[in-house]
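The lines below spell out each chain.
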Amino acid sequence: MRTVKEVRGLTGVSIRALHHYDSIGLLRPTQVTESGYRLYDDEALEKLQMILLFKELKFPLKEIKKILDNPSFDRKKALEQQIRMLTLQKEHIQGLICLAREIQTKGVEKMFRFDAFNTQKMDEYARQAKAEWGNTEAYREFEEKSKNRTARTEQAAGKEMMDIFREFGALRENEPQAKEARELVQKLRDFITENFYQ
């Protein structure tokens, strides 16, 4: 078992980030001691490795959590996909380095190549990975509820949600357990259920 400090020393992940991962349910400590110290075993470190690989590939934490929580998540297959995506990323960076060297040698006015900036291959592969691992019940429900939406109705739903958040802002001085705050939380839950997923 390793302490948060030891995990930070081993991985370079800040203590604050580890606490955040715990608070959002992305990476829970294996054990919390009576004095409140978080401890991580090898399995937790293995999961942290997987999280960091997804982060390197620019997956948001919410997406990473959705992927790792998916009951059909296959660690071996995910690793193969990560290797493929990192290889595409490496090729992309190599192309940018070659272009920059050419510009340095020949001068920018003679160089009008933009193919090195094309990230289409990487983007497509990332979409495929997300589609494969993002197949949760909540995601399917969201897709069903949003399939007939137009850009206008999508925008209206976004505005309505922001209006609810503005209402939360007006209550920021209230206690969380106050009647108005609890009613507003219920309003937000109902809105999400109606428009996105349960």
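Everything numeric here is computed off the predicted structure, so don't read it as measured data.

Rules behind the numbers
- Residues numbered from 1 in each chain as written.
- Predicted model: local features only at pLDDT ≥ 70, side-chain atom pairs only at ≥ 80, totals over all residues.
- Heavy atoms only, no water.
- Helix = DSSP H or I, 4+ residues; strand = E, 2+ residues; numbered from the N terminus.
- Contact = heavy atoms within 4.5 Å.
- Core = buried A, V, L, I, M, F, W, Y, C linked by side-chain atoms within 4.5 Å.
- Buried < 20%, exposed > 50% of the residue type's maximum accessible area, 1.4 Å probe, protein only.
- pLDDT = per-residue confidence, 0-100.
- Expected span 1.5 Å × (residues − 1).
- Polar contact = N/O pair within 3.5 Å; in protein donor to acceptor, adjacent residues only side chain to side chain.
- Pairing = 2+ DSSP bridges.
- Arc of directions from axis to C-beta.

### Let's talk about the environment of Asp22
Along the chain, Asp22 turns up in helix H2 (residues 15–23). Distance in space between the C-alpha atoms of Asp22 and Arg38 is 9.6 Å, their sequence separation being 16 residues. Look past the residues within four positions of Asp22 in its chain and what remains in contact with it is Leu27, Arg28, Pro29 and Arg38.

### Looking at the nonpolar core
In this structure, Leu18, Tyr21, Leu27, Leu48, Phe54 and Leu68 are the most contacted members of the largest nonpolar core, which totals 23 residues. Counting residues per element, the ones that place at least two in this core are helix H1 (4–11), H2, helix H3 (42–56), helix H4 (61–69) and helix H5 (75–106). The greatest single-element share of this core, amounting to six residues, is contributed by H3. In this structure Leu48 touches Val7, Thr11, Val13, Leu18, Tyr21 and Leu27, once residues within four positions along its chain are discounted. Ile164, Leu171, Leu188 and Phe196 belong to the second-largest nonpolar core, a separate cluster that totals eight residues.

### Things to note about the confidence of the model for the protein chain
On average, residues of the protein chain score 81 in pLDDT, and 83% of them reach the 70 mark or higher. Confidence scores differ between elements of the protein chain, with helix H6 (residues 120–133) showing the lowest mean pLDDT of 66 and strand S3 (residues 38–40) the highest of 94.

### With respect to H3
Each turn of an α-helix holds 3.6 residues, which means side chains three or four residues apart point in the same direction. Counted at 1.5 Å a residue, the expected span for H3 with its 15 residues is 21 Å, and the 21 Å between its end C-alpha atoms agrees. For H3, the full list of buried residues reads Ala44, Leu45, Leu48, Met50, Ile51 and Phe54. Buried residues belonging to H3 abut strand S1 (2–3), H1, H2, S3, H4 and H5. Its side-chain oxygen 3.2 Å from the backbone nitrogen of Glu43, Asp41 forms the N-cap of H3. Positioned one or two residues after H3, Lys58 has a phi angle of 70°, which is positive.

### Some thoughts on the sheet that holds S1
Strand order across the open sheet formed by three strands is S1-S3-S2, with antiparallel pairing between neighbours. Looking at the sheet topology across the chains shown, the edges are occupied by S1 and strand S2 (31–32). The pairing of S2 with S3 spans two bridges and is antiparallel. Within the sheet, the bridge partner assigned to Gln31 lies in S3 and is Leu39.

### Thoughts on helix H9 (residues 179–195)
With 17 residues, H9 ought to run about 24 Å at 1.5 Å a step, and its terminal C-alpha atoms sit 24 Å apart, in line with that. Of the positions making up H9, those classed as buried are Ala181, Leu184, Leu188, Phe191 and Asn195. Along the axis of H9, the buried positions cluster into a sector of 80°, meaning they face one direction only. Facing away from the buried side of H9 by over 90 degrees, the exposed positions are Lys179, Arg182, Arg189 and Glu194.

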